[in-house]
Amino acid sequence: MIKKLLEHKMSEYVLLFLRVYLGIGWFTSGLGKVMGGGFDASGFLQNAVQNPVVGPDGNPVYPWYTFLVENVFLSMRPAINVMIPWGELLVGLALIVGGFTAYAAFFGLLMNFSFLFAGTVSVNPLYILIGAAILAAGYKAGSLGLDRFIRLAMDKGTFRSLNDRRQERKTA
């Protein structure tokens, strides 16, 4: 069914709309943090530890994530304070221009799920739905963007090391 939908010409335009919509959301969020300066995830991370997501029985739903935040992420605050804003900005930019679209969608989904595990709902469920559609579409999602030119360059051997790996997969 997905293959049939992706073969339809209109799917390129629907994916373009979804990709740019999601990209603008990520880009503006990241830009606000980068340009505004002073972004600090400390409070967010502390809150994820002190108020974990709990189920109807009152027990934490993701104790492994709370453990990860408390024992790994909190000690990496300076790096996370750089990774989140720039990650949002770069994911958004890649989605807007349609370059390395599947990778951008994957990393956007990774951030969305991380935010959900920490208990922040916000726009994350919507972004996950759109990001999953873009990721499932693969190359088609960026075909009306830079991915078209990246693919042509790979087919011509411009990125020889990447192209050799693609040829191996085709013959295997």
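Read on for an overview of the structure. Each residue is numbered by its place in its chain's sequence as written, counting from 1. Local features in this predicted model are restricted to residues whose pLDDT is 70 or higher, and side-chain atom pairs enter the listing and the counts only when it is 80 or higher, whereas totals over whole chains, interfaces and linings include all residues. Calculation of side-chain values draws on the structure's entire complement of heavy atoms; hydrogens and water are dropped beforehand.

**A few points about the packing of helix α3 (residues 42-50) against helix α4 (residues 63-73)**
Here is step 1: Whenever a helix is involved, its axis is fitted only over the stretch in contact; in every case the axis is a line through C-alpha atoms, and angles between N-to-C directions fall within 0 to 180 degrees. Secondary structure elements follow DSSP: runs of H or I no shorter than four residues count as helices, runs of E no shorter than two count as strands, and numbering proceeds from the N terminus. Contact geometry of α3 with α4 gives a least axis separation of 8 Å together with a crossing angle of 135°. Comparing the axis directions of α3 and α4 gives the class oblique. Crossing handedness for the pair α3 and α4: left-handed. When α3 is examined against α4, the residues Leu45, Ala48 and Val49 are found in contact with a partner set consisting of Thr66, Val69, Glu70 and Phe73. Comment on the angle field: the value is read as roughly parallel under 35 degrees, roughly antiparallel over 145, roughly perpendicular from 65 to 115, and oblique elsewhere. By the definition used in this description, the sense in which the near helix is turned from the far one sets the handedness, with an anticlockwise turn below a right angle giving left-handed and a clockwise turn giving right-handed. Residue contacts are counted whenever heavy atoms from the two residues lie within 4.5 Å of one another.

**What to know about the environment of Lys33**
Here is step 1: Note on placement: Lys33 falls in helix α2 (residues 10-36).
Here is step 2: Given a relative accessible area of 23%, Lys33 falls into the partly exposed group.
Here is step 3: Remark: the alpha-carbon pair of Lys33 and Ile84, spanning 51 residues in sequence, is separated by 8.7 Å.
Here is step 4: With residues up to four places along the chain from it excluded, the contact list for Lys33 reads Phe39, Ile84, Pro85 and Glu88. Each residue is assigned to one of three classes by its accessible area relative to the maximum for its type, calculated with a 1.4 Å probe on protein chains only: buried under 20%, partly exposed between the two thresholds, exposed over 50%.

**Re the side chain of Arg19**
Here is step 1: For Arg19, the position within the fold is in helix α2.
Here is step 2: Charge assignment in this entry is limited to Lys and Arg as positive and Asp and Glu as negative, and neither His nor the chain termini are counted. Here, a salt bridge means any side-chain nitrogen of Lys or Arg that lies within 4 Å of a carboxyl oxygen of Asp or Glu. Despite its burial, Arg19 pairs with no opposite charge; the closest candidate is Asp147, at 6.6 Å N-O.
Here is step 3: Here a polar contact is recorded for every N or O atom pair within 3.5 Å, except that within protein the pair must consist of a potential hydrogen donor and a potential acceptor, and residues adjacent in sequence are included only if both atoms are side-chain atoms. Of the polar contacts made by the side chain of Arg19, one reaches the backbone oxygen of Ala141; its length is 2.8 Å.
Here is step 4: Setting aside chain neighbours within four positions, we find Arg19 in contact with Leu95, Ile96, Val97, Gly98, Thr101, Ile134, Ala141, Gly142, Leu144 and Gly145.

**Brief notes about the nonpolar core**
Here is step 1: For this analysis, a nonpolar core means a set of buried residues of the types Ala, Val, Leu, Ile, Met, Phe, Trp, Tyr and Cys, connected via side-chain atoms within 4.5 Å. Within the largest apolar cluster, 25 residues are counted, with the highest numbers of intra-cluster contacts made by Leu22, Trp26, Leu45, Val69, Val91, Leu95 and Ile134.
Here is step 2: Looking at this core, the elements that each hand over two or more residues are α2, α3, α4, α5 (77-97), α6 (101-117) and α7 (124-137).
Here is step 3: At five residues, the largest contribution of residues to this core is made by α5.
Here is step 4: Discounting chain neighbours no more than four positions away, the residues touching Leu22 are Leu95, Tyr127, Ile130, Gly131 and Ile134.

**What to know about the pattern of salt bridges**
Here is step 1: Taken as a whole and assessed by the stated rule, the structure comprises four salt bridges.
Here is step 2: Close ionic contact of Lys9 with Glu12 constitutes a salt bridge, the shortest N to O distance being 2.7 Å.
Here is step 3: For Glu12, the salt bridge is made with Arg148, and the minimal N-O distance between the two is 4.0 Å. Of this pair, Glu12 sits in helix α2 while Arg148 sits in helix α8 (residues 146-156), and the two are 136 residues apart along the sequence.
Here is step 4: A cluster of three or more residues bridged by salt bridges with shared partners is formed by Lys9, Glu12, Lys140 and Arg148.

**Considering α3**
Here is step 1: For α3, every residue scored as buried is listed here: Ser42, Leu45, Ala48 and Val49. All buried residues of α3 fall inside an arc of 130° around its axis, so they share one side.
Here is step 2: On its buried face, α3 sits against α4 and α5. Of all possible arcs, the one meant is that of the directions from the helix axis to the C-beta atoms.

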